[in-house]
Every structure is written in C-alpha cells, then in structure tokens.
Amino acid sequence: MITINVKAGHAHKQRDDAVVLPLLEGRKLTDSGKALQQASGKTIPSFLRKQDLSGSFGKSRTLYGVTGAFTRRVMLLGAGDAKKLTLHKLRLLAAKAARKLDAGGAQDVSLFLPELAVRGATLADKVQAVAEGIWLGLYRFDKYQHHAHQHNRTLQSATIMIASRRDLDEARLALARASAIAGGVNFARDLANEPGNVCTPEYLGEQAAALSHAQLNVTVMDRQAIEQAGLNALLAVNQGSAKAPRFIVLDYRGGAQADAPVALVGKGLTFDAGGISLKPGPQMEEMKYDMCGAAAVLGIFKAATELNLAVNLLGVIPSTENLLGAAAYKPGDIITGHKKDISIEIQNTDAEGRIILSDALSYAAAQQPAEIIDFATLTGACVIALGSHASGLMGNDEKLKQALKASGDFTYDRVWELPMHEEYQEQIKSDIADIRNIGGREAGTITAACFLSRFVGDIPWAHLDIAGTAWNMKGSELSAKGATGAGVRLLMDYLIRKQR
Ligand code: BES
Ligand code: MN
Ligand code: ZN
C-alpha cells in the first residue's frame, strides 16, 4: 500500500506532482481552492469560466501549469451538492482521484479534504474515509500477469490536507485506523483472489499462523487433531478431496481477562465444485471465492491486532475443498458432527457450507463466547435476493443485529436483514434424521440460516451471508474485479465502537 500522510497547509505551496481540490456543484470552490485561486491570479477563474465543469459528483478536470502554484497539476474534483456529501462519497472521490493520477504518472499528491460538514461524521471520520478510498481504490491483484509492468504503479505517496493544525493529532489516529482496516481488507482480498490450487486449506492455515503475535495465539489443527476434536461434519465434506482439511482457531486477547470473547466464524471452502451434487460448468471457477468468510475473519484479526483493539476475539475457521473423489460424501448419508445430539441427513452435497459451519459454530459455542458472528458465502439465493449491494443478515439477537446494521450503514459495508420466523425451521425437517441440509427452493438463504441456528445454543448470534458481496466480477470504484473484502470494514467498525 502506498504511503499516506496528513498535513495542514495551503494548496499553492504544495510541491507534489498533483494537488486535488474539491469543486462543488455550481462551480464553487471550497476555502482551500479559494486560497489557490487568489495566489493564481486569473488562471483558475478563467478556467472555471471557459470549461463546462459543473462540480457535479465524480467529474474532474486537471489543469497544468497554474501560475502561482508549485505543483505541476491541479485536479478539480467534482464533489457534487455540498449538503449531500457523505463519508462514502469521500471514499469514492479519493479512490477516483488516486487511480486517475496514478494512471497519469503522478508520483505524489496532496488531497484537500472538502471543508464541509458531513452529517454524523467527525474530521477523523473524514480523514479515515479518504485514506480508505485511496488504499482500497488502488488495490490490484496482478501477480499472475506477466505484462503487469505495463501499468506499473507510479503513485508513491499521498498527503491528506486538513484545514487546521490543531486537528493533526486526531487526523493521525484516524490515518492509523484506516491503514490497519484497509490493510485487513486488502489482505482478505489477496487471500480470496489466490486460485484454489494455491489457496488450499493448508495455505489458509499457514497464512493464519503467520498472524501470530504477542496478543494473538493461532492453532491450526491438521486431520488428526480434527478427528480427535470430533469435527466429523468437516471431515464428511472433506472426504471427496485429496487435500487434508484444516480447522483454524485464533485467540486474540486485547480486552479484560474476565471478558468473554466475541467469536468470529468464517466459511473456508477453498474450492466448491458441489461434490457429488455437482455444480453446472459456467462460472464454476468463481467457487475459489468460497473461502471469503474465512478471508474476512483473518482480515479482521490482522487489523484488530495491528490496532491493539481492547476486545477479546475468538476466531474459528473450518477449511476444506468440496470435490467428488471416490470417497466423497453422498446424498442420503447421515452424519453427526461436533454437536452430538443432532443428526444431519445430506440431501445435497452442494449445501456443504452449512455443514462445515455446524462444526465451527458448535465448537465456538462450547467456548462460551459473549456472542458469535459468522461470515459465509452461503447461498446463491442471497445473490438473487440482495445482489451485490448488501450482505444478508440473520440471527437470534436484536441488539447484535441492530449494532451490525448501524455499522453497515456507517461503513457502507452494508447489510440487510431477512426474517427468521420459526415456521421456516419446518423446511429443514428430515424424515429420517433430526434435520436435513437443504430446505427446498423457497427462502433458501433463510433456511440455510435456520440450519446454522441449531448449532449456536442460546448464545447471541448473527449470520452474514456474503455470497453476493464478497466478490464482484464487474469491479467497482473501491474494489477491482474479484474479491472485495466484504465484512472487514463492517466488523472493524462494530468492534471499535464496542471497545469505547
Ligand atoms: N458456495 C455456494 C453458495 C454460492 C453460490 C455462493 C453462488 C455464491 C454464488 C454454496 O455452497 C452452495 O452451493 N449453496 C447452494 C445451496 C443449495 C444446494 C441448497 C446454492 O445456493 O445453490
Ligand atoms: Mn456448495
Ligand atoms: Zn459453498
């Protein structure tokens, strides 16, 4: 990730390759822009007069050789209606500017924060949003492209310019927060973008172990340890794969000794072919992303450790492939996993996520955490219901769900709740075992959550179905094509608020 600093100062004095100034709807400059305008004499006013630049959101113009300024280019970046500015718009603008200047060959840039109030946000929030925008927007995964040097990165550093020196300390803290969080998101993206032949359960275990730290203890169980722990549901899904499974447990202690941890559980399917209930061919390659829940959990632990968050966390990641080797589990099989009093009839081997999660949730619940939050690319039905703009939220605890919704709105890593009325539980009744692993065509996202709910006991629990949000093959302003790192910013906001 490039270097980002914060500074207070005037636009015309900056010596960077580029200076970015906000321009509001109606061609209005903010204070920083007005100061430059004064120093520049007639250049900027005549430019504003001649050009058809309105200041509408996201539109930009770059001026070269502005008199009275040291910089080579001044980018006027349309921030839109001043009253409608949001933190998310700041993120988008920063990402846009950074990418454009990088492509244009700039090495360093000063970005002036719009001197405008954003409802519900502090200066620190604004600095954090801009820094996140730059770091997330510049992310690329091109290590497998030999000709990637053709679009080599030129941008080395960015300086976020704020109005007053008095706010510098606060801004620096915000920058450190953004650095850890964006680092966590980009780490999650890297893990998920790796293909299935590289990112295997073993590799996930190694990546998790590498996060070990004075406050973070990581245990990676191999097949034997998994057998000993009775994680038989994970083993059942693993039967069709030639690669050994892993069960990863992370124990982060940043809070009070006596505080029960927040448990974070992530689905770690490093490739999901569907098993004997084989998936159709088109887009099957995308199922290398079926470990995005695990990636999110690891990204959160990386960021939390870096920030020394004053909370206790328990991470649990079950990891395997879902393939169709000769020993593969089959429709009709009945299995019993870590939770001994629930038998599961397999009716579709492609509903494997809930199976390995049943062991992870049961294992986590046995440690008596304060609450459990799980992340999983669990159902295609969730993609149909919510598309790529919100993760599905379900759970058994109003307070926990409300807090996650608030963090989702604040970070724009958004969630939308689906109901879990008890009638839905009837869809997963089995004629021959206690429950079956599919619930029919209707309400597929909800019945998957109903299945999970059987394994958390009475512990407050929330489930995030990130099937539609965890990767995006179209790419967006903040996320290149591929893994998005969904869930990391959401949970970091949730945990930071918890610690206050
Ligand atoms: N990993 C998939 C869910 C998925 C599908 C995520 C498409 C993203 C895009 C999961 O393991 C799965 O296959 N679910 C099945 C469940 C069904 C068999 C009840 C599904 O959604 O089709
Ligand atoms: Mn599946
Ligand atoms: Zn899956």
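Residues numbered from 1 in each chain as written. Chains lettered and ligands numbered in written order. Predicted model: local features only at pLDDT ≥ 70, side-chain atom pairs only at ≥ 80, totals over all residues. Heavy atoms only, no water.

Participant: A description of the overall build of the chain should follow, citing residues and the corresponding values.
Facilitator: Scanning the chain for helices and strands turns up 14 helices and 21 strands. Rg of the C-alpha trace for the chain: 25 Å, near the compact-globule value of 23 Å for 500 residues, within the 12% margin. Projecting the C-alpha coordinates of the chain onto the three principal axes gives extents of approximately 85 × 50 × 40 Å. The proportion of buried residues among the 500 residues of the chain is 58%. Relative to all contacts within the chain whose residues are 6 or more apart in sequence, the contacts with residues 24 or more apart total 77%. Of the roughly 20600 Å² that the chain leaves accessible, carbon and sulfur atoms contribute 50%. (Helix = DSSP H or I, 4+ residues; strand = E, 2+ residues; numbered from the N terminus. Rg over C-alpha atoms; globule rule 2.2 N^0.38 Å. Buried < 20%, exposed > 50% of the residue type's maximum accessible area, 1.4 Å probe, protein only. Contact = heavy atoms within 4.5 Å. Areas by Shrake-Rupley, 256 points an atom, 1.4 Å probe, with all protein chains shown as cover.)

Participant: So what about the domain arrangement of the chain? Which residues, and what values?
Facilitator: Taken domain by domain, the chain holds domain 1 (3–165) and domain 2 (185–499). Put simply, the middle of domain 1 and the middle of domain 2, counted by C-alpha atoms, are 38 Å apart. On the side of domain 2, 15 residues touch domain 1, which itself brings 18 residues to the contact. Contact between domain 1 and domain 2 buries roughly 1500 Å² in total, counting both sides, with carbon and sulfur atoms accounting for 58%. Considering only the surface of domain 1 that becomes buried against domain 2, Leu136, Tyr139 and Phe141 emerge as the three largest contributors, covering 42% of it. Taken together, the links from domain 1 to domain 2 amount to 4 salt bridges. Its salt-bridge partner being Glu477, residue Arg99 comes within 2.5 Å of it at the nearest N-O pair. On inspection of domain 1 and its partner domain 2, the count reaches 10 residue pairs in polar contact (both at pLDDT 80 or more). (Domains from an automatic or database assignment. Buried area = accessible area lost by both parts, 1.4 Å probe. Salt bridge = Lys/Arg side-chain N within 4 Å of Asp/Glu carboxyl O. Polar contact = N/O pair within 3.5 Å; in protein donor to acceptor, adjacent residues only side chain to side chain.)

Participant: An account of the coordination of the manganese ion (ligand 2) is requested, with residue identities and associated values reported.
Facilitator: On the protein side, the manganese ion (ligand 2) has Asp272 (OD), Asp350 (O), Asp350 (OD) and Glu352 (OE) as donor atoms, found 2.1 to 2.2 Å from it. A separation of 3.2 Å is found between the manganese ion (ligand 2) and the zinc ion (ligand 3), which are bridged by Asp272. Remark: Glu352 occurs in the loop between β14 (343–345) and α10 (353–366) and Asp272 occurs in strand β11 (residues 268–272); sequence separation between them is 80 residues. Exposure class is identical for Asp272 and Glu352. Each is buried. (Donors = N, O, S within 2.8 Å, 3.2 Å for Na, K, Ca; no water.)

Participant: Report on the coordination of the zinc ion (ligand 3), specifying residues and quantitative values.
Facilitator: Summarising the metal site, the zinc ion (ligand 3) is bound by the protein donors Lys267 (NZ), Asp272 (OD), Asp290 (OD) and Glu352 (OE), whose distances to it range over 2.0 to 2.4 Å. Each of the 6 donor atoms around the zinc ion (ligand 3) contributes to a set of angles spanning 77 to 175°, which defines the coordination as octahedral. Sequence positions of the donors to the zinc ion (ligand 3) reduce to the motif K-x4-D-x17-D-x61-E. You can call Lys267 buried: its relative accessible area is 2%. Note on Asp272: relative accessible area 3%, which makes it buried. (Tetrahedral: all angles 85-135°; square planar, octahedral: opposite > 155°, others 65-115°.)

Participant: Requested: an account of the site of ligand 1, with residues and values cited.
Facilitator: Around ligand 1, the structure places 16 residues, and the nearest of them are Lys279, Asp290, Asp350, Glu352 and Gly380. Measuring from an oxygen atom of ligand 1, one finds a side-chain N or O atom of Asp272 at 2.9 Å. Between ligand 1 and the protein, one listed contact pairs a nitrogen atom with a side-chain N or O atom of Asp290 at 2.9 Å. Here ligand 1, which alone exposes 510 Å², has 78% of that area covered by the protein. For the shell around ligand 1, the class distribution of residues is 5 nonpolar, 4 polar and 7 charged. (Near = heavy atom within 4 Å. Nonpolar A, V, L, I, M, F, W, Y, C, P; charged D, E, K, R; others polar.)

Participant: So what's going on with a nonpolar patch on the surface? Which residues, and what values?
Facilitator: Together, Ile276, Leu278 and Leu324 make up a nonpolar patch on the protein surface, roughly 260 Å² of accessible area in all. Mapped onto the secondary structure, Ile276 falls in the loop between β11 and α9 (292–306). (Patch = residues over 30% accessible without salt bridge, like charges linked within 9 Å, V, L, I, M, F, W, Y side chains within 5 Å.)

Participant: Let's hear about the environment of Ala326: which residues, and what values?
Facilitator: Examined against the element boundaries, Ala326 turns out to sit in the loop between β12 (312–322) and β13 (334–336). Given the relative accessible area of 93%, Ala326 is considered exposed. With 87 residues separating them along the chain, Ala326 and Gln239 place their C-alpha atoms 8.4 Å apart.

Participant: Could you give an account of the packing of aromatic side chains, with specific residues and numbers?
Facilitator: Counted according to the given criterion, the structure contains 4 aromatic pairs. Measuring from centroid to centroid gives 5.0 Å for Phe247 and Tyr363, while their planes differ by 75°, and the two rings are edge-to-face. Of the two residues, Phe247 sits in strand β9 (residues 246–253) while Tyr363 sits in helix α10, which places them 116 residues apart along the sequence. Classification of Phe247 as buried rests on a relative accessible area of 0%. Under the relative-accessibility criterion, Tyr363 is labelled buried at 15%. Between Tyr289 and Trp471, the ring centres sit 5.0 Å apart and the planes meet at 20°, which makes this aromatic pair stacked. Taken together, the residues span a long stretch of sequence, with Tyr289 in the loop between β11 and α9 and Trp471 in strand β20 (residues 471–472) at a distance of 182 residues. Both residues of the pair, Tyr289 and Trp471, belong to the buried class. (Phe/Tyr/Trp six-rings, centres within 6.5 Å; stacked < 30°, edge-to-face > 60°.)

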